[in-house]
Amino acid sequence: MRTIITLFFSSLFVSLILTPIVRELSLKLNLVDLPSGRKVHTTAISRVGGVAVFFAFLACISLSYFSQNNITRELFTDISFFYLLAGGGLIFLMGLIDDILNLNAKIKLLAQIGVATLAYYGGMRITGVTFPFVEYLSTGILSFPLTLFWFLIIINAVNLIDGLDGLAAGVSLLVCLILTLSGCLAKEFVVAAAFACLSGAILGFLKH
């Protein structure tokens, strides 16, 4: 539990420091979203605030390797974690490039499919589902398309609610906190640690 709490507050601290730095750099480089009739903000705001969230999470989760306890040892020996981290990095790069260059929708979709496929073959897959009165139903050959569909839905759902300042980050923070708590209750402490780290990074961003 101490590792989970430490990851949360360390990523919160790093994000609090990084976010204003990223904001000032983006203003100097003119990487901003300008006010318009369809937007609620009245001044230019940074388009790349996610940079602070990503690097706060990445820095703190990486440094946790040196703490060497049961949670971190399990985290860094789980190959699926590295596949997920690689996929997250690719999605981050795509989002950053899109914020700067406004990528074509087809290119973004192909990139998302590639990332979802990478995560699937890394072990992040839907192998079964449960329904009322049905204890467990194996997905069988539908595992890949269902996993792909789920990744695409989540990625684009967050993207679609990113119109209001802080909305996507607020919803993401709530989800991450719930998954942190769920991980602790289910004794899936590696999952809880990862989501605690991401929660802290998002909360530090929201402060600004």
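The structure we're discussing is the one just above.
All figures in this text were calculated on a predicted structure; none of them were measured in a lab.

Caption draft 1: Structural view of the nonpolar core. Counting 24 residues, the largest nonpolar core has Ile4, Leu7, Ile61, Leu75, Cys197 and Ile202 as the members making the most contacts within it. Those elements that provide at least two residues to this core are α1 (2-28), α2 (50-63), α3 (70-75), α7 (167-185) and α8 (189-206). Of the residues forming this core, the biggest block, 7 residues, is contributed by α8. In this structure, Ile61 is in contact with Leu7, Leu75, Phe76, Phe81, Ala194 and Cys197, ignoring residues within four places of it in sequence. Core analysis: the second largest hydrophobic core is formed by 7 residues, Leu31, Ala52, Phe54 and Phe92 among them.

Caption draft 2: Spatial organisation of the packing of α2 against α8. Contact geometry of α2 with α8 gives a least axis separation of 9 Å together with a crossing angle of 140 degrees. As α2 runs across α8, the sense of the crossing is right-handed. Counting all contacts with α2, which are made through Val53, Ala56, Phe57, Cys60 and Ile61, the residues of α8 involved are Ala194, Cys197, Leu198, Ala201, Ile202 and Phe205. Partitioning the contact of α2 with α8 into residue classes produces 11 nonpolar, no polar and no charged.

What counts, and at which threshold
Residues numbered from 1 in each chain as written. Predicted model: local features only at pLDDT ≥ 70, side-chain atom pairs only at ≥ 80, totals over all residues. Heavy atoms only, no water. Core = buried A, V, L, I, M, F, W, Y, C linked by side-chain atoms within 4.5 Å. Buried < 20%, exposed > 50% of the residue type's maximum accessible area, 1.4 Å probe, protein only. Helix = DSSP H or I, 4+ residues; strand = E, 2+ residues; numbered from the N terminus. Contact = heavy atoms within 4.5 Å. Axes fitted to C-alpha atoms, helices over the stretch in contact; angles between N-to-C directions. Left-handed = near helix turned anticlockwise from the far one by under 90°. Nonpolar A, V, L, I, M, F, W, Y, C, P; charged D, E, K, R; others polar.

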